[in-house]
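# Tertiary structure, described
Residues per chain, in single letters:
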Amino acid sequence: MNWKNSLKYKKIIVFLFIAMFLPLFLLLSFREKVATMLNYEVEMGLVELTKQNSILLEGKIKATFSFLHTMSNLITKSAIGREEIGEKDNLINFFKEEFQNNNFTRFGILDTQGRAIYGFDVDFRNMKYLEESLQGESKVTYVPCTPFLDLHSMVFSVPIYAENNKIIGVLYAIYGIEDLKKFFSFSFFDGKGDCFILNQSGNLLIPVKDNEKNDRLRDYFHHWQEKTEVEDNNLHKFILTLRDEQQAVGKIQLKGLGEQYIACVPLGNINGIYTVSSVPADFITKRIANILFLVTMVLLISLLILFCILIYIEIIENKNRKNVYRLAYIDQLTNLGNFEKMKLDKEITKKNNKGKYILAVVDIDKFKLINEMMSYQYGSELLTFVASKLDTALIENEYVYRLGNDLFGLLLISKEKEESLTRLTQLFDEISEYYNHKHVLTFSCGIYQIGKYDFDLAKCIDNANIARLAGKNYSNNSFIYFDDKMLIKMREIKEFEDGLQQAIEEKQFEIYLQPKYKVRPPRHLGGAEALVRWIHPTKGMISPVKFIPVFEQNGTIKYLDMYVFEAVCRQMRIWLNQGITLVPISVNISRLTLLGQSNFIERIEAVAQKYNIAHSLLELEILESVSFNNGEGLTGFLKKIKNRGFKISIDDFGSGYSSLGLLKNMPIDTLKIDRSFFSDWQREVYTVEETKEKSIVRSIIEMAQGLNLNTVAEGIEEEYQVEFLTNVGCDLIQGYYFSKPLPVEAFEKLLKNKE
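Notes on the structure in this doc start here. Owing to the predicted nature of the structure, the values given are computational and were not obtained by experimental measurement. (Residues numbered from 1 in each chain as written. Predicted model: local features only at pLDDT ≥ 70, side-chain atom pairs only at ≥ 80, totals over all residues. Heavy atoms only, no water.)

## Here we look at the overall build of the protein chain
Along its length, the protein chain carries 25 helices and 26 strands. Split into buried and exposed, the 755 residues of the protein chain put 46% on the buried side. Contacts spanning at least 24 positions in sequence make up 62% of the contacts within the protein chain whose residues lie at least 6 apart. Just so you have it, the protein chain exposes about 40800 Å², and 52% of that area is on carbon and sulfur atoms. (Helix = DSSP H or I, 4+ residues; strand = E, 2+ residues; numbered from the N terminus. Buried < 20%, exposed > 50% of the residue type's maximum accessible area, 1.4 Å probe, protein only. Contact = heavy atoms within 4.5 Å. Areas by Shrake-Rupley, 256 points an atom, 1.4 Å probe, with all protein chains shown as cover.)

Structure, rendered in structure tokens:
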């Protein structure tokens with residue numbers, strides 16, 4: 001062993017010595033501090049508990065005085081203009097009832113001579129506390145035994161005044177101590193602790209449950225306020241603290257019961273009476289010992305674990321350095337650098353000048369589906385193959401990373417935009433062709449041109465990701481360069497997504513109603529379509545064209561659909577309560593709401609029942625594409641809805657490729673002809689020739705009549721369109737010719753005057 005190794009082992013020994021004894025020293029110091037802190041917390045907790053009991057009792061006393069003063073005032077008012085109290089039967093009967101309701105053991109009314117207006121006559125010389133009330137004081141006094149009741153009592157007394165403020169008597173009420181106990185908490189700390197009421201002489205006015213402890217407490221506190229330092233130093237200090245700070249806590253020694261923690265606070269309403277709490281010291285000591293034991297064990301185990309970790313690191317640090325690096329920065333499946341490695345390589349972007357690099361973020365389209373259909377093993381092999389192809393396609397100073405799952409990032413030397421697109425297209429087309437014999441394999445690639453001052457790699461990746469997601473709807477490999485418009489669009493979408501729940505809770509969405517008119521004479525209001533507007537607190541009104549597609553794409557449209565449905569039912573109930581005759585109102589229901597909720601029918605039924613709305617007044621509008629693309633599977637579902645009494649309308653009929661075979665079996669009530677049939681009409685053409693659009697509209701209406709279906713034409717803005725639709729027998733017309741979508745208040749006026 002050479003001197004270098006010897007020095008190394010000496011250092012290890014010194015390190016181990018310090019690692020063992022320093023923590024032990026710190027542990028002992030910490031343990032002592034914890035014990036002191038816990039002891040202090042126990043004492044403060046005992047004081048707080050004592051204060052709470054004192055407050056409860058004081059509150060009861062204040063409430064009692066308030067009641068007695070109220071009764072005294074009633075007596076005063078009943079004796080207006082008189083110098084003495086007279087018998088008033090009605091008043092006495094009222095007093096009996098009130099005092100009984102307040103659970104007093106007894107009460108009485110005395111004149112200035114001690115004669116009882118109600119109760120017993122008294123000699124004021126024997127009941128000084130009542131005599132003091134004749135001097136204008138409100139008194140509460142503990143009495144071991146009253147002339148009226150042979151029990152420990154609290155006697156409350158207040159003066160009775162005449163109109164001229166002359167004292168004409170005393171009103172008193174008595175609480176038995178047992179009644180006062182109902183307002184006092186006597187047990188705590190798992191029944192080991194006790195609370196009691198103590199007077200200045202050492203009498204336990206409200207004792208504890210343990211008779212032996214009562215005896216010991218009486219002996220200890222007998223004339224306790226008079227004890228000197230020589231007689232009991234601890235108690236003497238306790239009394240001095242109590243006088244100075246109006247509270248005290250400490251330990252006392254009770255004969256036969258050992259040490260006790262004790263806390264004391266004066267009862268504010270009554271001089272010389274105190275609320276006291278006590279708990280055996282050994283009970284607290286055991287609790288503290290248990291806590292200290294647990295703390296010690298946790299700290300020892302933590303120190304032991306830390307010590308083992310330090311030893312483990314010291315022994316194997318050199319051996320595992322490369323493995324740690326590989327685990328941290330290399331993807332285990334593809335052997336490419338991972339996202340953490342890419343962050344380490346951010347110096348590449350710092351050295352970048354004059355737009356040297358582009359960042360391409362690529363993922364495999366529908367990779368999750370490939371995994372589920374072809375097996376996860378197949379998915380792993382596909383990822384390995386793609387990684388290998390990307391890695392071999394790089395040139396010097398270019399880099400490729402696996403950023404997560406099927407997501408890859410490439411830092412490529414920037415060339416002309418078309419040249420870079422061509423290179424990427426050829427590379428990924430080659431990979432796609434390799435797998436074409438097994439399944440269709442396509443990629444989505446977002447490209448971000450890294451600028452001279454783009455030092456934030458995470459931001460570059462985010463921008464490339466935005467471009468990648470923008471190309472997700474393409475059927476082939478897509479390669480999209482990022483531009484700022486995409487970022488604005490994504491931020492807007494994110495704001496819509498994040499704001500939906502708050503908007504629903506704050507009722508930012510408001511329903512507007514566009515009237516539908518029956519055009520066969522006489523023209524009159526025949527229905528309405530519920531539309532939604534987002535009244536944003538800062539952005540104002542947001543067009544549904546902006547937010548509806550976002551909610552449809554992320555699946556949250558179902559919450560908005562149900563919000564609008566309930567808002568319509570709620571408003572209809574308001575109108576019914578006002579005696580307004582309703583017309584049917586249609587509510588748009590998206591595909592996800594209709595088919596994505598197994599309890600959809602039960603939910604709309606529950607809402608309609610909640611507001612007691614007839615189902616026939618509610619019409620569900622579903623898009624033509626939803627109704628016919630889901631074929632016969634939807635037919636049975638719609639039949640269940642119709643059997644519950646709801647109306648069903650096919651919206652935008654004629655905009656897709658409807659199956660007439662399905663239409664004859666579809667349980668619907670109304671066809672709503674798509675506005676595209678009317679958008680290109682011109683008055684001149686209408687008056688002179690039969691256009692294809694007019695022929696189709698006429699045929700749709702005739703077909704609907706043959707199937708016993710109602711028809712609605714939407715988007716109607718001109719008189720000549722109304723004339724044509726009237727002539728061909730269209731049932732309802734909706735559009736700006738009659739009315740734009742109206743706020744609820746404006747539509748209400750139409751309802752009131754619809755005839």
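On we go from here.
## Let's talk about the nonpolar core
Within the largest apolar cluster, 80 residues are counted, with the highest numbers of intra-cluster contacts made by Phe509, Phe551, Phe600, Ile641 and Leu725. Sorting elements by how many residues they give to this core places helix 16 (residues 557-577) first, with 11 residues. In this structure, Ile61, Phe67, Met71 and Tyr142 belong to the second largest nonpolar core, which totals 32 residues. (Core = buried A, V, L, I, M, F, W, Y, C linked by side-chain atoms within 4.5 Å.)

## A look at the pairing of strand 15 (residues 443-449)
Where burial is concerned, most of strand 15 is hidden: six out of the seven residues are buried. Inspection of the sheet shows strand 12 (residues 357-364) paired to strand 15 by seven bridges, in the antiparallel sense. Considered in strand 15, the bridge of Ile364 is made with Phe443. Across four bridges, strand 15 lies against strand 16 (residues 478-481) in parallel orientation. Considered in strand 16, the bridge of Cys445 is made with Phe479. (Pairing = 2+ DSSP bridges.)

## Re the packing of aromatic side chains
The final tally for this structure, using the stated rule, is 22 aromatic pairs. Ring centres of Phe107 and Tyr118 lie 4.7 Å apart, and the angle between their planes is 25°; this geometry places the pair in the stacked category. Of the two residues, Phe107 is situated in strand 1 (residues 106-111) and Tyr118 in strand 2 (residues 116-118); the sequence distance between them amounts to 11 residues. We classify Phe107 as buried; its relative accessible area is 7%. Seen in terms of ring centroids, Phe156 and Tyr175 are 6.0 Å apart; in terms of plane orientation they differ by 85°. Their pairing is edge-to-face. With Phe156 in strand 4 (residues 153-161) and Tyr175 in strand 5 (residues 167-176), this residue pair connects regions lying 19 residues apart in the sequence. Grouping residues by exposure puts Phe156 and Tyr175 together as buried. (Phe/Tyr/Trp six-rings, centres within 6.5 Å; stacked < 30°, edge-to-face > 60°.)

## Regarding the sheet that holds strand 13 (residues 399-404)
Strand order in the open sheet made by the five strands is 13-14-12-15-16, with mixed pairing throughout. Each edge of the open sheet is held by one strand with a lone partner, namely strand 13 and strand 16. The average undirected angle you get between the axes of adjacent strands in this sheet is 20°. Here strand 12 pairs with strand 14 (residues 407-413) via seven bridges, running antiparallel. Among the inter-strand pairings, Tyr357 is bridged to a residue of strand 14, identified as Ile413. (Axes fitted to C-alpha atoms, helices over the stretch in contact; angles between N-to-C directions.)

## Observations regarding a nonpolar patch on the surface
A contiguous nonpolar patch, built from Phe293, Leu294, Met297, Leu300, Ile301, Ile305, Ile309, Tyr312 and Ile313 and spanning about 850 Å² of accessible area, is present on the exposed surface. Within the fold, Met297 resides in helix 7 (residues 281-329). Look at Met297 and you get partly exposed, because its relative accessible area is 31%. (Patch = residues over 30% accessible without salt bridge, like charges linked within 9 Å, V, L, I, M, F, W, Y side chains within 5 Å. Salt bridge = Lys/Arg side-chain N within 4 Å of Asp/Glu carboxyl O.)

## Let's talk about the sheet that holds strand 3 (residues 139-143)
If you trace the five strands from one edge of the open sheet to the other, you get 2-1-5-4-3, paired in antiparallel fashion. With one partner strand each, in any of the chains shown, strand 2 and strand 3 form the two edges of the open sheet. Within the sheet, the average angular offset between the axes of one strand and its neighbour, ignoring direction, is 25°.

## Things to note about the environment of Tyr175
Look at Tyr175 and you get buried, because its relative accessible area is 1%. With 19 residues separating them along the chain, Tyr175 and Phe156 place their C-alpha atoms 8.1 Å apart. At 2.9 Å, the side chain of Tyr175 and the side chain of Lys60 are in polar contact. Within the structure, the side chain of Tyr175 is placed 3.0 Å from the backbone oxygen of Asn102, a separation counted as a polar contact. (Polar contact = N/O pair within 3.5 Å; in protein donor to acceptor, adjacent residues only side chain to side chain.)

## Some words on the environment of Tyr481
Here Tyr481 shows up in strand 16. Ignoring sequence-local partners within four residues, the contact set of Tyr481 consists of Ile358, Lys417, Ser420, Leu421, Ile447, Ala467 and Met486.

## What about unusual backbone geometry?
Look at Asn397: it is not a glycine, yet its phi comes out positive at around 70°. Tracing the sequence through the fold places Asn397 in the loop between helix 11 (376-392) and strand 13. Residue classification places Asn397 among the partly exposed residues on the basis of a relative accessible area of 37%. One non-glycine residue, Asn708, lies in positive phi territory at about 60°. By secondary structure assignment, the location of Asn708 is in the loop between helix 23 (692-706) and strand 24 (710-714). For Asn708, a relative accessible area of 71% puts it in the exposed group.

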